[in-house]
Amino acid sequence: MTQRASHSFGEEAGEETGEQIPGTTGTPGHPGSAMIDAGAELDPVHPVKLPAPAVDPRGLTAAEVAERIARGEVNDVPVRSSRSVREIVRANVFTRFNLIIGVLWVIMLFVAPIQDSLFGFVIIANTGIGIVQEWRAKKTLDSLAVIGEAKPMVRRDGVAAEISTSEIVLGDLIELGPGDKAVVDGTVAEADSLEIDESLLTGEADPVLKQPGDPVMSGSFVVAGGGAFTATKVGREAYAAQLAEEASRFTLVQSELRTGISTILKYVTWMMVPTAIGLVISQLVVNNNDLKGSIARTVGGIVPMIPEGLVLLTSVAFAIGVVRLGRKQCLVQELPAIEGLARVDVVCLDKTGTLTEGGMDVTEVRTLGGADDTYVRSVLGALGSSDPRPNASLQAIVDAYPDGEKWLCTQTLPFSSARKYSGAAFDEGGGRESSWLLGAPDVLLPEHDAALAEIEQLNEQGLRVLLLARAEGELDGPDIAAGAVPSALVVLEQRLRPDAAETLSYFADQRVATKVISGDNAVSVGAVAGKLGLPGAEHTLDARKLPTDPDDMATAMEENAVFGRVTPQQKRDMVAALQSRGHTVAMTGDGVNDVLALKDADIGVSMGSGSEATRAVAQIVLLNNSFATLPSVVAEGRRVIGNITRVATLFLTKTVYSVLLAVLVVCTQVDYPFLPRHLTLLSTLTIGVPAFFLALAPNKERAHPHFVRRVMRYAIPSGVIAAAATFTTYLLARDHYSGPGALDAETSAATLTLFLVSMWVLAIIARPYTWWRIALVAAMGLAFLIVLVVPWLQEFFALKLVGTTMPWAAVGIAVVASAGLEYAWRLVGRRFPV
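Presented here is an overview of the structure given in this document.

Calculation criteria
Residues numbered from 1 in each chain as written. Predicted model: local features only at pLDDT ≥ 70, side-chain atom pairs only at ≥ 80, totals over all residues. Heavy atoms only, no water. Helix = DSSP H or I, 4+ residues; strand = E, 2+ residues; numbered from the N terminus. Buried < 20%, exposed > 50% of the residue type's maximum accessible area, 1.4 Å probe, protein only. Areas by Shrake-Rupley, 256 points an atom, 1.4 Å probe, with all protein chains shown as cover. Patch = residues over 30% accessible without salt bridge, like charges linked within 9 Å, V, L, I, M, F, W, Y side chains within 5 Å. Salt bridge = Lys/Arg side-chain N within 4 Å of Asp/Glu carboxyl O. Core = buried A, V, L, I, M, F, W, Y, C linked by side-chain atoms within 4.5 Å. Expected span 1.5 Å × (residues − 1). Axes fitted to C-alpha atoms, helices over the stretch in contact; angles between N-to-C directions. Parallel < 35°, antiparallel > 145°, perpendicular 65-115°, else oblique. Contact = heavy atoms within 4.5 Å. Pairing = 2+ DSSP bridges. Polar contact = N/O pair within 3.5 Å; in protein donor to acceptor, adjacent residues only side chain to side chain. Left-handed = near helix turned anticlockwise from the far one by under 90°.

Quick look at the overall build of the protein chain
For step 1, the next point in the chain: Counting secondary structure elements, the protein chain contains 27 helices and 21 strands.
For step 2, the next point in the chain: Looking at the protein chain as a whole, 58% of its 834 residues qualify as buried.
For step 3, the next point in the chain: Split by element, the accessible area of the protein chain, about 32700 Å² in all, is 58% carbon and sulfur.

So, in structure tokens, the structure goes:
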């Protein structure tokens, strides 16, 4: 049997998400299923103990694999990392507002000049942009998903090799090691101290020790030991396939931003329907206008009520965010994670693999109690050679003693994050046997042992220290560590990531608190953090002294920055404690002991080289394994959400003033002042074009909650002021002008006021100013000026200012309204802070 036990010292444990899991069913005649009744179901909470199956340890032959492929017994369920092209097109085209605008557009094509139908072409262009951007995001997601895909180790013809999960066939012999996730359902064929965590599948918190014949549930993962299992459910029958397909689907659910926009659109629809009906009656019946003119002005009143570009811009901003992060080798597995990142105010980091690189070096071995130095090195060599999958700590020992004694390993004790040590028993030959433990000195040594002072000095230098101790009795005994005799201290030097200090500095500048949570000694972790300039690195706390009361734990979490000797369950509790104080928590990790916390954190970030379990539950996967990518990820989230919040005010200001203008027209029984072409021009210059650029601009502001309140508290006063100013100009113009062409002159004056007020709203939202923001606002103003002075554009848009009195009055009213806007925004900021 291939030995896969892990007794290395490191930080490894974890879990996979799931609901209830169907059990294993067998197919007669297939290896690993001969002892299972066809159609039998396993209760995931109380699995049935099965007889050990008769399995060829060499796995399937090439002929058997080909036979199963021909029968379709392949795990070929496609895992979609994004929506299909058809779904993208359908989601962007078939929307409620596209339907409304489409109907109005068709009507306008028959009753009015083409310039009054421009809004329809704008919608087509917007929809096309949305489709293209989401398609680009889909390609990025799909390519990154392939890069980040886990490849299980499958044994065929006696040779173990990594293959894609889609290539697994029924009856395949799949090897397991620490951190590996079971991707299909099966039955244990080989077990070497194999412990599997099924906590999220069964509710059982403790890892389950597996023996041959025990079921393996897809979605569970290995926390210690090793072994192999036979696949008994593949394809759509395996729950893991259903889970992976659902979890990796391109979605915008559970997003405050999207929920907020949906809420706004719902209320807009309720306001729009009665207002539109009143406008239709007013223009067609009461005023007895000509039919085509009345229809044109009615449509001109309805179309601007719809904030159609807001949904589009949100989708585009998210999609571009995915593409930008993809270029940095960052896989966004759940799109709302981009939004969540913008709200993060606490980042919990695991030291190993995050602040330090994976590799370590043995700098010194200090013998204790008169132990023979040569013999100790032989023991370390044997420990290294006995583990086929050493982690960073044990790999350093393997590198230091590559020609270790080839003693026969008779028993192993896999590393556990809970006990903080591992072990192995050897037959040294000549009738000599020995058992050894390797792990945390402060766990294996008595509390007041003299060696702890020496170890403390090493930890203060940022060095990592392991204790090698000789044990008596069976390794799996309950008190095996109690009587262990210390033999040596193994001093390891960790390699600091060259970019870690800069990343920590970024978070400090952005007012994001950083907490280092590690299974290592707290003093050692604090020393490493101090070398990297972590604020508060001197405030270290041994997690064994951490209070269990959630409120007290939350206080301890806020007061300290570095935590050592943390168990996997404590990591989870610490995240929950921070969340109970209103913090938005991001958790990074790469080992299976991080999975519980990754799953519960608001945002889970996994390293691409981390265990499959961590990659499965994380929303963000850093495929380049670079902690330095995190600032870019956080910045992208802030850019998307901050800018969407900004531009949403533009869109909803237009909705508010459009509804109010329509209400005023209905109440006063006058002609609606605008044709669709006027509002298409205004929307393009004051909202559409500038909103696109503003939505993609840099933005470092941390996102805040209550999206609807934040947007509407500015949009409502802005819309009210714009509507009041515009309607005042319109009424004055109706008194000023008379005779043929009066309505066109009145419309032009009202359009001028509305444009200037809308431009001032844009100018406020564009703050703080940079050269390109000033240029953007100026370009929009210049474009409108060109329309007013170029004859054929005047005719095309039916805009011609008549005389000087009314145009200057329109400007004056706009100036007063703009001053009102400034006052209103400042008042709202003081009276209604969010």
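A word on a nonpolar patch on the surface
For step 1, the next point in the chain: On the surface, Val 106, Leu 109, Phe 110, Ile 114, Phe 121 and Ile 124 cluster together to form a nonpolar patch covering roughly 600 Å² of accessible area.
For step 2, the next point in the chain: Among the secondary structure elements, those contributing two or more residues to the nonpolar patch are α3 (96-111) and α4 (118-148).

A few points about the pattern of salt bridges
Side chains carrying opposite charge are able to pair once their charged atoms draw close together.
For step 1, the next point in the chain: In this structure the tally under the stated criterion is 18 salt bridges.
For step 2, the next point in the chain: Arg 155 is the salt-bridge partner of Glu 190, the closest N and O atoms lying 2.8 Å from each other. Here the residue Glu 190 occupies a position in strand β4 (residues 185-197), and Arg 155 occupies one in strand β1 (residues 153-156), the gap between them amounting to 35 residues.
For step 3, the next point in the chain: Residue classification places Glu 190 among the buried residues on the basis of a relative accessible area of 8%.

What about the nonpolar core?
For step 1, the next point in the chain: In terms of nonpolar packing, the biggest core is built from 124 residues, with Ile 620, Phe 627 and Phe 784 touching the most fellow members.
For step 2, the next point in the chain: Here this core gets 16 residues from one element, more than from any other, and that element is helix α21 (residues 630-668).
For step 3, the next point in the chain: Within the second largest apolar cluster, 23 residues are counted, among which are Met 553, Phe 563, Val 575 and Val 585.

Points about helix α9 (residues 308-327)
For step 1, the next point in the chain: An ideal rise of 1.5 Å per residue puts 28 Å on 20 residues; α9 measures up with 30 Å between its terminal C-alpha atoms.
For step 2, the next point in the chain: A large share of α9 lies buried, amounting to 16 of its 20 residues.
For step 3, the next point in the chain: Of the residues flanking the end of α9, it is Gln 329, one or two places downstream, whose phi is positive at about 60 degrees.

Observations concerning the packing of helix α15 (residues 500-509) against α21
For step 1, the next point in the chain: Orientation of α15 relative to α21, taken along the N-to-C sense of each, is 30 degrees, at an axis distance of 9 Å. With respect to their mutual orientation, α15 and α21 come out roughly parallel. Of the residues in α21, those touching α15 at Thr 503, Tyr 506 and Phe 507 are Leu 630, Pro 631, Val 634 and Ala 635.

Some thoughts on the pairing of strand β13 (residues 432-439)
Side-chain positions along a regular strand alternate between the two faces of the sheet.
For step 1, the next point in the chain: Among the eight residues that make up β13, six are buried, leaving the element largely enclosed by the rest of the structure.
For step 2, the next point in the chain: Note: strand β12 (residues 421-429) against β13, eight bridges, orientation antiparallel. When the bridges of β13 are listed, Ser 422 appears paired with Leu 438.
For step 3, the next point in the chain: Pairing of β13 with strand β14 (residues 464-471), which is carried by five bridges, proceeds in the antiparallel orientation. For Leu 437, the partnering residue across the bridge sits in β14 and is Ala 469.

Quick notes on the side chain of Asp 542
For step 1, the next point in the chain: Residue placement: Asp 542 occurs in strand β17 (residues 540-542).
For step 2, the next point in the chain: A polar contact is formed between the side chain of Asp 542 and the side chain of Arg 544, at a distance of 2.8 Å.
For step 3, the next point in the chain: Residues in contact with Asp 542, not counting those within four places in the same chain, are Asp 442, Ala 522, Gly 564 and Arg 565.

Comments concerning unusual backbone geometry
Note on backbone geometry: most residues besides glycine have negative phi, and most peptide bonds are trans.
For step 1, the next point in the chain: In this structure, the amide linkage connecting Arg 767 to the following residue, Pro 768, adopts the cis form with an omega of -5 degrees.
For step 2, the next point in the chain: With respect to the secondary-structure elements, Pro 768 resides in the loop between α24 (742-765) and α25 (771-789).
For step 3, the next point in the chain: Unusually for a residue other than glycine, Gln 329 sits at a positive phi of about 60 degrees.
For step 4, the next point in the chain: Within the element layout of this structure, Gln 329 appears in the loop between α9 and β8 (330-332).
For step 5, the next point in the chain: Although it is not a glycine, Arg 511 adopts a positive phi angle of roughly 60 degrees.

Things to note about the packing of helix α23 (residues 707-736) against helix α27 (residues 805-831)
Between two packed helices, what matters for the description is the angle formed by their axes and the separation of those axes.
For step 1, the next point in the chain: Contact pair α23 / α27: the axes reach a minimum separation of 9 Å and the direction vectors enclose 160 degrees. In terms of orientation, α23 lies roughly antiparallel with respect to α27. For α23 against α27, the interelement crossing comes out right-handed. Side by side, α23 and α27 meet where Arg 713, Tyr 714, Pro 717, Ser 718, Ile 721, Ala 725, Thr 728, Thr 729, Leu 732, Ala 733 and His 736 of the first sit next to Thr 805, Met 806, Ala 810, Ile 813, Ala 817, Gly 820, Leu 821, Ala 824, Trp 825, Val 828 and Gly 829 of the second.

With respect to the sheet that holds strand β16 (residues 513-517)
For step 1, the next point in the chain: One open sheet accounts for eight strands, arranged β8-β21-β20-β19-β9-β16-β18-β17; its pairing is mixed. Whereas interior strands pair on both sides, the edge strands pair on one side only; in this sheet they are β8 and β17. Each strand axis lies, on average, 20 degrees off the axis of its neighbour in the sheet, ignoring direction.
For step 2, the next point in the chain: As judged from the three bridges shared by strand β20 (residues 603-607) and strand β21 (residues 620-622), these two strands associate in the parallel manner. Within the sheet, the bridge partner assigned to Val 605 lies in β21 and is Ile 620.
For step 3, the next point in the chain: Contacting β16, β17 and β18 (562-564), helix α17 (residues 550-559) crosses the sheet at an angle of about 110 degrees to β16.
For step 4, the next point in the chain: The strands touched by helix α18 (residues 568-580) are β9 (346-349), β16, β18 and β19 (585-589); relative to β19, the strand with the most contacts, the crossing angle is about 160 degrees.

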